[in-house]
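# What the coordinates show
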Amino acid sequence: MSCFPLCFRNPPRSRFIRGFVHPLCAWRRLLALALAVMVVAGSSAQRPTIFDAPQSSRIVSYELDVSLDSATRTLRGEGRMAWRNPGAVPVDSLQLHLYLNAFKSDQTTFMRERGGTLPGFAEGWGWIDITRLETQAGADLLEQLLFIQPDDDNAADQTVAAVPMPSPVLPGEAVTLTVAFEAKLPRILARTGYEVRPDGQLFVMAAQWFPKFGVYEIPGQRYVPPDAPAGRWNAHQFHANSEFYADFGTYDVTIDVPAGYVVGATGVRVETSESDGRRRERYKAEDVHDFAWTASPAFLEYTDHWRHVNLRLLLQPEHRGQARRHFDAARIAMEGYDRMVGTYPYTTLTLVDGLGASNGMEYPTLILCGTRYGAPRWFRLSELVLIHEFGHQYFYGLLASNEFEEAWLDEGINSYVESKVMDGHYGPGSLVDLPGMPIGSRAAHRLLYAKDAPERGALVTNSWEYASAAEYGKVSYSKSATVLSTLEGYLGWPLMQKILHTYFERWRFRHPTTRDFQAVAEEVSVQDLDWFFAPYVYGTQVLDYAVTDLETSQTEDGWHTTRVRVERLRDGVFPQVLRVAFADGTAQDTVWDGQLPAATFTFTHEIPAVHARIDPDFLVALDINRLNNGRAVTHSRAFGLRHTFKFTLWIQYALHMLASLF
Ligand SMILES: [Zn+2]
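Here the residue numbering is sequential within each chain, running from 1 through the sequence in written order. It should be noted that, the model being predicted, local features are given only for residues of pLDDT at least 70 and side-chain atom pairs only at 80 or more, the latter also being counted only at that level, while totals for whole chains, interfaces and linings use all residues. Side-chain descriptors were evaluated using all non-hydrogen atoms of the structure, hydrogens and water having been removed beforehand.

## So, the nonpolar core
Rule in force here: Buried Ala, Val, Leu, Ile, Met, Phe, Trp, Tyr and Cys residues form a nonpolar core when they are joined through side-chain atoms within 4.5 Å. Accessible area is worked out with a 1.4 Å probe on protein chains only. A residue is then buried under 20% of its type maximum, exposed over 50%, and partly exposed in between. Numbering goes from the N terminus for both helices and strands, where a helix is a DSSP run of H or I of at least four residues and a strand is a run of E of at least two. We call two residues in contact whenever any of their non-hydrogen atoms come within 4.5 Å of each other.
Counting residues in hydrophobic clusters, the biggest one holds 178 residues, and the most contacted among them are Trp83, Trp209 and Trp293. With nine residues, the single largest contributor to this core is helix α3 (residues 323-340). Excluding residues within four positions of it along the chain, Trp83 makes contact with Ile59, Val60, Val91, Leu94, Val169, Glu173, Ala174, Val175, Phe213, Tyr216 and Trp233.

What follows is the structure, given as structure tokens:
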């Protein structure tokens with residue numbers, strides 16, 4: 001895959017990382033040892049941290065007991081799950097996601113879209129069977145349970161189920177179901193499942209492991225018309241290129257694993273105990289929309305804290321030297337997002353160093369980071385992934401947009417902020433920090449967007465409707481980040497930050513849409529932004545401006561006339577600044593509205609012009625080709641300026657070449 005390896009289900013193998021061996025420094029080992037505060041000891045329960053008052057609408061609640069059979073890699077779960085009707089009319093049927101059924105056969109929608117299984121996956125199938133589903137009154141709901149396929153009518157897909165109720169759920173009423181289920185974990189796929197370490201120890205990443213309510217959208221919510229007679233379920237099948245969408249609520253989950261396993265999970269650990277060769281840990285979480293957990297006897301545990309947040313790091317033992325690196329990146333992430341977006345409201349964050357394709361994923365208060373032995377300091381992929389995944393605590397975690405339908409709202413806005421955090425902290429070489437060849441996170445996103453077929457893919461697209469996984473990735477991550485960088489270039493960072501902050505304050509613990517984000521941007525900037533959102537967020541216009549001619553001539557009275565021709569080479573329109581530099585080091589800026597296909601500007605000056613450039617301050621990140629943005633007068637004597645310009649050209653070229661390696 002040629003895209004940026006962030007949250008993709010099938011992460012590309014970077015040529016940078018593969019095969020790179022870097023000796024561990026002794027001092028770093030010492031530092032890591034000093035950091036290795038404690039391996040989980042016995043039953044030291046942490047202080048429960050519960051919000052004083054509900055932060056969200058708490059539509060759902062789950063009380064589940066789950067037990068891991070390590071021999072069969074199977075989970076057995078039971079408990080209660082409740083859903084409250086948020087609407088004004090009765091609801092006579094519920095909808096449940098059964099995500100693990102995406103891995104049940106090669107005929108599921110997920111597998112078909114993915115193009116089959118990996119070699120060696122034969123024993124790795126996964127599924128979830130509900131074995132008991134009853135109302136509080138004891139009515140059996142299993143008989144009526146019906147698999148539905150709202151997206152593609154694929155009868156082999158069992159990732160969404162409709163559950164007709166014996167009596168409608170009245171407005172405001174909560175219905176509690178007694179549930180039991182068995183879930184066979186797949187070999188790690190789409191960030192969930194099990195993997196066996198080379199030393200034979202088991203690693204489990206239990207995500208999407210339980211029956212999960214879909215979202216019932218009421219009139220006026222998201223795209224349901226305010227005058228609609230009733231709400232509607234929004235529960236999509238699990239697709240190869242989709243993530244998730246769920247309502248906020250509370251979780252009380254007890255996890256039962258073999259003794260000796262180290263467990264990490266969403267929320268706050270409130271109880272631990274060990275008996276009869278089993279370890280039980282109970283976690284509570286409030287105002288989150290998902291619950292994930294991990295377990296392995298191999299994990300090394302490290303702890304740290306940042307402000308009000310207790311950090312746990314569960315590291316594969318091979319990576320013991322990289323604990324400090326993880327915590328450093330976590331602090332940079334938390335400080336960056338706190339400053340740019342808003343306050344992280346939870347009191348825990350668990351960093352998991354997963355195995356294989358489990359890495360690079362996020363769940364509420366738990367993220368999968370991933371590193372590898374000897375990861376070089378100059379290539380900050382570990383930091384990038386950790387910062388990016390932490391950012392998802394905001395974009396999707398707290399700002400719970402519909403990832404199926406508007407993936408750019410989480411991946412794209414998050415990639416944009418992640419690049420701000422990366423470049424802001426590490427500087428222009430935030431991603432690749434090599435002398436003479438720095439590549440920042442923002443630059444990487446821009447290049448990945450621009451390097452081929454930039455006209456493909458609108459930001460607002462159902463995630464399963466992209467032409468390929470690569471296109472989904474390029475548009476949702478890199479193009480989206482570049483669109484927002486361009487908006488920042490136009491509005492300025494202070495306004496952009498205010499937009500992010502206002503969006504966060506207004507929509508956290510809710511389900512914002514693209515429309516809501518645009519409304520906040522327009523409100524904060526006090527201007528209509530349709531001219532920008534229509535072509536670049538909803539549309540597929542491509543932006544490329546060029547300086548195509550630069551001529552100077554001397555008039556009889558000794559003055560110099562300079563003519564600059566600028567052209568709009570593609571359909572994307574954007575206002576441009578044209579800067580003409582003169583031989584005495586002065587410069588003159590002119591603003592062009594960029595509407596016409598071409599325009600010629602004439603300057604008359606005592607001094608001859610040496611160079612002309614549009615977007616001289618590199619604010620229009622969406623311009624797919626910056627190599628044609630400037631033009632020098634060929635007979636200029638201003639060697640310094642020309643030299644600088646050529647060097648800049650070379651850097652641009654090198655970045656293009658480098659980007660093609662991803
Ligand atoms: Zn992501």
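Once the structure has been displayed, the description carries forward.
## Description of empty space enclosed by the protein
Formally: With a 1 Å grid spanning the protein atoms alone, the term cavity applies to any set of points in which a 1.4 Å probe fits but cannot get out, the term pocket to an open set with protein on both sides within 12 Å along at least five of seven lines, and the term lining residue to any residue with an atom within 4 Å of a point. Grid points are joined across faces, edges and corners, and a volume is the space filled by probe spheres set on the points. Each residue receives one of three labels: charged for Asp, Glu, Lys and Arg, nonpolar for Ala, Val, Leu, Ile, Met, Phe, Trp, Tyr, Cys and Pro, and polar for the others, Gly being one of them.
Per the counting criterion, the structure on display carries eight cavities of 30 Å³ or more. Quantified by volume, the largest cavity comes out at close to 70 Å³. Around the largest cavity, the lining residues are Phe244, His289, Asp290, Met361, Glu362, Tyr363, Pro364, His392, Gln393, Tyr396, Gly397 and Glu403. Classifying every residue of the lining of the largest cavity by side-chain character gives five nonpolar, four polar and three charged.

## What to know about helix α8 (residues 493-507)
Our working definition: Residue count minus one, scaled by 1.5 Å, sets the expected span of a helix.
For α8, which comprises 15 residues, the first-to-last C-alpha distance of 21 Å matches the rise-based estimate of 21 Å (1.5 Å per residue) to within 8%. Every buried residue of α8 is accounted for by Met496, Ile499, Leu500, Thr502, Tyr503, Phe504 and Trp507. Elements that come into contact with the buried residues of α8 comprise α3, α5 (408-426), α7 (469-491) and α9 (514-525). Of the residues flanking the end of α8, it is Phe509, one or two places downstream, whose phi is positive at about 65°.

## Here we look at the pairing of strand β29 (residues 598-605)
Put simply, the rule is: Each pair of strands is called paired provided DSSP finds at least two bridges between the two strands.
Across the two faces of β29 the burial differs, with Ala599, Phe601, Phe603 and His605 buried and Ala598, Thr600, Thr602 and Thr604 not buried at all. Examined bridge by bridge, strand β26 (residues 560-568) and β29 share eight bridges and lie antiparallel to one another. The residue of β29 that forms the bridge with His560 is His605.

## Concerning helix α6 (residues 441-450)
Burial within α6 is extensive, with eight of its 10 residues counted as buried. Considered for burial, the residues of α6 that qualify are Ser441, Ala444, His445, Arg446, Leu447, Leu448, Tyr449 and Ala450.

## Thoughts on the environment of Ser553
For Ser553, the location among the structural elements is in strand β25 (residues 545-554). Here the alpha-carbon distance between Ser553 and Pro608, two residues 55 residues apart in the chain, equals 8.1 Å. Those residues in contact with Ser553 that lie beyond four places of it in its chain are Trp559, His560, Thr561 and Arg563.

## Quick look at the sheet that holds strand β9 (residues 202-206)
Keep this limit in mind: For helices, the fitted line uses only the C-alpha atoms of the stretch in contact; every axis is such a line through C-alpha atoms, and the angle between N-to-C directions lies from 0 to 180 degrees.
Strand order in the open sheet formed by four strands is β8-β9-β17-β14, with antiparallel pairing between adjacent strands. Taken across any chain shown, the strands that pair with only one partner, and hence form the sheet edges, are β8 (193-196) and β14 (262-265). Neighbouring strand axes in the sheet, compared pairwise and without regard to direction, differ in orientation by 10° on average. Strand direction decides the pairing type here: β14 and strand β17 (residues 293-296), joined by four bridges, are antiparallel. Pairing of Val263 across the sheet is with Ala295, part of β17.

## Observations concerning the packing of aromatic side chains
For clarity, the cut-off: In this scheme Phe, Tyr and Trp rings, the latter by its six-membered ring, pair at centre separations within 6.5 Å, and the angle between planes marks the pair as stacked below 30 degrees, edge-to-face above 60, and tilted otherwise. We count a charge as sitting over a ring when the NZ of a lysine or the CZ of an arginine lies within 6 Å of the ring centre and within 35 degrees of the ring normal.
Considering all chains together, one arrives at 42 aromatic pairs under this definition. With a centroid separation of 5.9 Å and an interplanar angle of 55°, the aromatic rings of Phe51 and Tyr346 are classed as tilted. With a gap of 295 residues between them, Phe51 in the loop between α1 (26-35) and β1 (60-69) and Tyr346 in the loop between α3 and β20 (348-352) connect regions that are remote in the sequence. Comparing Phe51 with Tyr346 shows no difference in burial state: the two are buried. With a centroid separation of 5.9 Å and 45° between ring planes, the pair formed by Tyr62 and Phe213 is classed as tilted. Of this pair, Tyr62 sits in strand β1 while Phe213 sits in strand β10 (residues 212-213), placing them 151 residues apart in sequence. Like Tyr62, the residue Phe213 is buried in the burial classification. One aromatic cluster is present, built from ring pairs that chain together Phe51, Phe248, Tyr337, Tyr344, Tyr346, Phe390, Tyr394, Phe504 and Phe509. The positively charged end of Lys420 is found above the aromatic ring belonging to Trp493, 4.1 Å away from the centroid.

## Focus: the pattern of salt bridges
Heads up, the rule is: One side-chain nitrogen of Lys or Arg within 4 Å of one carboxyl oxygen of Asp or Glu is enough to make a salt bridge.
Taken as a whole and judged by the stated rule, the model has 38 salt bridges. Across the pair Glu286 and Arg58 runs a salt bridge, and its minimum N-O distance is 3.3 Å. Remark: Arg58 occurs in the loop between α1 and β1 and Glu286 occurs in strand β16 (residues 278-288); sequence separation between them is 228 residues. Taking the shortest distance from any N to any O, the salt bridge between Arg269 and Glu281 comes out at 3.4 Å. Highlighted residues: Arg269 in strand β15 (residues 268-275) and Glu281 in strand β16, separated in sequence by 12 residues. Overall, Arg269 belongs to the buried group, its relative accessible area being 5%. Overall, Glu281 belongs to the buried group, its relative accessible area being 1%. Where salt bridges share partners, they join Asp65, Asp256, Arg278 and Arg280 into one cluster.

## A closer look at the sheet that holds strand β18 (residues 300-306)
Read from one edge of the open sheet, five strands run β18-β19-β20-β22-β21, paired in mixed fashion. The open sheet has two edge strands with one neighbour each: β18 and β21 (361-363). Strand-to-strand, the axes of this sheet are offset by a mean angle of 15°, without reference to chain direction. By the bridge criterion, three bridges tie β20 to strand β22 (residues 366-368) in an arrangement that is parallel. Note on β22: the bridge partner recorded for Leu351 is Ile367.

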